[in-house]
Amino acid sequence: MKFWRLIFANLFRKKVRLILTIGSFAIALLLFTFLAVVKSAFSRGVEVAGADRLVVVNRIGLIQVMPISYGERIAGIPGVKSVTHNHWFGGVYQDEKNFFPQIVIDVENQRQVYPEFIVPDDQWNTFLKDRQGAVVGARTAQRFGWKVGDRIPIKNSLYGPTKTWEFNLDGIFHNERPGGDESAFWLQWKYFDENVPGVLKSTAGWYVLRLNSPDDAVRVAKTIDDTFANSSFETKTETESAFAAGFAKQFGNIEFLILTIGSVVFFTLLLVTGNTMAISVRERTAELAVLKAIGFTDRSILFLVLAESLVIAFVGGLLGLILASGAIPGIGAALNGLLPALILSKSMLALGLVFALFVGAASGLLPGIGAMRMRVVNALRRV
Amino acid sequence: MIRVDGRSDSQSLIRARGLNKTYSRGGEKIQVLQGLNLDVDKGDFVAFMGPSGSGKTTLLNLLGGLDVPSAGSITVDGDEITHMSGSKLTQWRARHVGFIFQMYNLIPVLTAFQNVELPLLLTKLSKSERRKHVETALAVVSLADRMHHYPRQLSGGQEQRVAIARAIVSDPTFLLCDEPTGDLDRKSADEIMVLIDQLVSKYGKTVLMVTHDPVVATRAHTTLHLEKGVLVEGKASHERVLAGGAA
Ligand SMILES: Nc1ncnc2c1ncn2[C@@H]1O[C@H](COP(=O)(O)OP(=O)(O)O)[C@@H](O)[C@H]1O
Ligand SMILES: [Mg+2]
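All residue numbers refer to position in the chain's written sequence, counted from 1. Chain labels run from A onward and ligand labels from 1 onward, assigned in the order the entries are written. Local features in a predicted model are, by the rule used here, given only for residues with pLDDT of at least 70; side-chain atom pairs are given and counted only at 80 or more, and totals for whole chains, interfaces and linings are based on all residues. Side-chain numbers here rest on the full set of heavy atoms in the structure, without hydrogens or water.

Participant: Please set out the sheet that holds strand β6 (residues 97-100) of chain B residue by residue, giving values where relevant.
Facilitator: Either a parallel or an antiparallel arrangement is found when strands of a sheet pair, and the pairing is made through backbone hydrogen bonds. Residues and elements named next belong to chain B. The mixed open sheet is built from six strands, whose spatial order is β6-β7-β8-β3-β9-β10. Strands at the two margins of the open sheet, each flanked by one partner only, are β6 and β10 (230-232). When strand polarity is set aside, the average angle formed by the axes of neighbouring strands in this sheet is 25°. The strands touched by helix α6 (residues 186-201) are β3 (45-49), β7 (174-178) and β8 (207-210); relative to β3, the strand with the most contacts, the crossing angle is about 135°. A pair of strands is labelled paired if DSSP reports no fewer than 2 bridges between them. The helix count covers DSSP runs of H or I at least four residues long, the strand count covers runs of E at least two residues long, and both are numbered beginning at the N terminus. Simply put, an axis is a line fit to the C-alpha atoms, just over the touching stretch for a helix, and the angle between two N-to-C directions goes from 0 to 180 degrees. We call two residues contacting when some pair of their heavy atoms lies within 4.5 Å.

Participant: How would you summarise the interface of chain B and chain A if you had to cite specific residues and measurements?
Facilitator: Tallying the contact residues gives 26 residues for chain B and 22 residues for chain A. The term buried area means the drop in 1.4 Å probe accessible area that two parts suffer when joined, counted for both and summed. Sorting the residues of chain B by area buried against chain A places Val-109, Leu-121 and Leu-122 of chain B first, and these three jointly supply 23% of that buried surface. Any Lys or Arg side-chain nitrogen found within 4 Å of a carboxyl oxygen on Asp or Glu counts as a salt bridge. Along the contact surface separating chain B from chain A lie two salt bridges. Glu-117 of chain B serves as the salt-bridge partner of Arg-5 of chain A, at 3.6 Å between the closest nitrogen and oxygen. Pairs of N or O atoms are called polar contacts if they sit within 3.5 Å, as long as, within protein, a hydrogen donor faces a hydrogen acceptor (for residues adjacent in sequence, only side-chain-to-side-chain pairs). Counting across the interface, chain B meets chain A through five residue pairs in polar contact (both at pLDDT 80 or more). In terms of residue class, the side of chain B that touches chain A is made up of 14 nonpolar, seven polar and five charged. Residue classes follow a fixed rule: Ala, Val, Leu, Ile, Met, Phe, Trp, Tyr, Cys and Pro count as nonpolar, while Asp, Glu, Lys and Arg count as charged, and any other residue, Gly among them, counts as polar.

Participant: I'd like to hear about the packing of helix α10 (residues 254-283) of chain A against helix α13 (residues 346-373) of chain A, residue by residue, with values.
Facilitator: Residues and elements named next belong to chain A. In contact at an axis separation of 9 Å, α10 and α13 are set at 35° when each is read in the N-to-C sense. Every pair of crossing elements has a handedness; the one defined by α10 and α13 is right-handed. Across the interface between the two elements, Phe-266, Leu-269, Leu-270, Thr-273, Gly-274, Met-277, Ala-278 and Val-281 from α10 touch Phe-355, Phe-358, Val-359, Ala-362, Ser-363, Gly-364, Pro-367 and Ala-371 from α13. When the near helix sits turned anticlockwise from the far one by under a right angle, the crossing is termed left-handed; a clockwise turn instead gives a right-handed crossing.

Participant: Lay out the site of ligand 1 with the relevant residues and their values.
Facilitator: Lining the immediate environment of ligand 1, one finds 13 residues, of which Arg-381 of chain A together with Gly-53, Lys-56, Thr-57 and Thr-58 of chain B sit closest. At ligand 1, the nearby residues belong to more than one chain, namely chains A and B. Note that an oxygen atom of ligand 1 is positioned 2.7 Å from one of the side-chain N or O atoms of Thr-57 of chain B. Per-residue accessibility takes into account occlusion by the displayed protein chains alone, with areas from the Shrake-Rupley method and a 1.4 Å probe. If ligand 1 stood free it would expose 570 Å²; the protein chains cover 78% of that surface. Those elements that provide at least two residues to the shell around ligand 1 are α14 (376-382) of chain A together with β1 (14-25) and α1 (56-63) of chain B. Top contributing element to the shell around ligand 1 by residue count: α1 of chain B, with three residues. Tallied by class, residues from the shell around ligand 1 come to three nonpolar, seven polar and three charged. When at least one non-hydrogen atom of a residue lies within 4 Å of a molecule or strand, that residue is treated as near it.

Participant: Quick rundown of helix α5 (residues 156-168) of chain B? Include the residues and the values.
Facilitator: The periodicity of an α-helix, 3.6 residues per turn, causes residues three or four positions apart to be oriented the same way. Any helix carries an expected span of 1.5 Å times its number of residues minus one. For α5 of chain B, spanning 13 residues, the distance from its first C-alpha to its last is 19 Å, which sits close to the expected 18 Å at 1.5 Å a residue. Think of it in three bands: residues with accessible area under 20% of the maximum for their type are buried, residues over 50% are exposed, and the middle band is partly exposed, with areas taken using a 1.4 Å probe on protein chains only. α5 of chain B sits mainly inside the fold: twelve of its 13 residues count as buried. Along α5 of chain B, the residues classified as buried are Gly-157, Gln-158, Glu-159, Gln-160, Arg-161, Val-162, Ala-163, Ile-164, Ala-165, Arg-166, Ala-167 and Ile-168 of chain B. On its buried side, α5 of chain B packs onto α11 (285-294) of chain A together with β6, α3 (112-117), α4 (127-140), β7 and α6 of chain B.

Participant: Which residues make up the pattern of salt bridges, and what are the values?
Facilitator: Pairing is possible between side chains of opposite charge, provided their charged atoms come close. Scanning all chains against the criterion turns up 29 salt bridges over all chains. Across the pair Arg-151 of chain A and Glu-166 of chain A runs a salt bridge, and its minimum N-O distance is 3.4 Å. Separated by 15 residues along the polypeptide, Arg-151 of chain A in strand β7 (residues 151-156) and Glu-166 of chain A in strand β8 (residues 163-175) bring together distant segments of the chain. According to the relative accessible area criterion, Glu-166 of chain A is partly exposed, its value standing at 29%. For Arg-219 of chain B, the salt bridge is made with Asp-197 of chain B, and the minimal N-O distance between the two is 3.6 Å. Residue Arg-219 of chain B is found in the loop between α7 (214-217) and β9 (222-227), and its partner Asp-197 of chain B is found in helix α6; the two are separated by 22 residues along the sequence. Given the relative accessible area of 25%, Asp-197 of chain B is considered partly exposed.

Participant: Could you give an account of helix α12 (residues 298-334) of chain A, naming the residues involved and the relevant values?
Facilitator: Taking 1.5 Å of rise per residue, 37 residues should cover 54 Å, and α12 of chain A covers 52 Å from first to last C-alpha, within 8% of that figure. Bend is the name given here to the angle between axes fitted to two runs of seven residues, the run ending at a residue and the run starting at it. At Ala-327 of chain A, α12 of chain A is deflected by roughly 35°, the largest bend along its length, and proline Pro-329 of chain A occurs up to four residues later in sequence.

Structure follows, in structure tokens:
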């Protein structure tokens, strides 16, 4: 490309300005990527949800329970492959800020419904025989440095006076699905059932069932809810992704918040770089006029200006993404598991670069068109 | 032969007929050129003089295809440029016109070499061919030893010589110079004029130059005066020189 020298010479015209503009891009991209990562962390439950799973909750609300007998009745509905049930344990390990989800599981059916969770067979067998056993996701195990065989005390005050439940760590699970959860702590329903007050005995917090075919979802959900209609425990059945979306909403409308901040970042960057490009083009009106007089076409003038802003956007964007790749794992660690795992995916990096280039093109376009339309005689007369 | 009566029958290189240029400023119309005729042959060197605001720059802009007349026609080497579209005209300029402005107008972030190379970037020449042309042009203006200097590292006279090299590098049909010495001291101005003189006498270039300096004008074969929107022939009288020089 014959014009690169001219484009680069123009770029380095004002070095401080160049650095500042590239810096704005880098910081905006860092912020943009961080927002995208957080947003995806919150919506990941929805993304990785099994299309062939339904979640049954008490119609009144998630914290209301249902009789344990519902399990067999659900299992008998045509189209249902397997059913399991859970409870939210809601305990605290050492300190409130050490949050991770503790889920009461039904060991007999857990693996049929959730084939993506991988536990070595020997560990799983130990767990089955150990009423006080627990299996924990690899991420949480790593976070607290737990090893199989450790004794884990968890305080709980949801079921009467505060009491410490002791668990034996029997196994560590991984998730086959990229981005899937590896933070939960599983305990046995039998142990739970023995130690909770009477009203909670023989209950399930929610049911999860696996379908023979995702096509049956609507029909099965309706059948379940119809079956328990007018009972004292009416149900609400939805797909796992709808359930996960509802669950994420508990944190407030994160998506809206992130979109709002993201838009502010976008328009600020656009204004800053658009203004910079406009100034930098205006400064060399006479030079551009000379180029036109020499025979540079209007289109090549537009090209010169656009190429300049795109190079700035590309370099700044790339820098921001590199910063993000370095910073996001650190930020994730500092947040101490408060948020779901922050994962910077390739598609997010690509999206970030597209975003940067889009802003670059947009900010170069107006000054570029101005330069393209500028009349040589007027521009030269001005000097 | 240079004529301003519009009666030349031979095919002249540059032929302007009945040129009118009207500007409107705040609703008021200013007639700058009023039926101007001009014939310039290949190898001619003509100087335009006239008081400031008489329309000299306007005339050069029209002849160089930077602006279009309100009426009349301009034909260069058989091509009528007054009816060309914008992009066609741009291409035509690249091939046929070399511009030299008063304010040098070099790109400050490019070296002398790179500045001179600019017009060649629009051609199909290879890199090594471009290099040869640029070096030749810089040798003609005696700046071969300064080709990697930036404009700020050159004197005003040297900058103008780079601009001249840029104007001749693509071997255009004719050169347009708008007060090429207007910003230079006497000595540098003389050097520039010797150079332009050489371009005509040694290399057979056709040069149309605006100047308000009667000494500079004496270099030209013919000096034409822009008066009331038309060109008037004849070596300047002393009074006219003074009037022109006062621009
Ligand atoms: N774009 C324009 N709009 C309005 N008036 C103009 C414009 N360009 C030139 N003029 C006027 O036309 C006249 C001739 O200008 P110009 O050709 O620059 O004269 P010269 O070069 O002889 O000094 C001047 O009065 C000038 O103000
Ligand atoms: Mg002028």
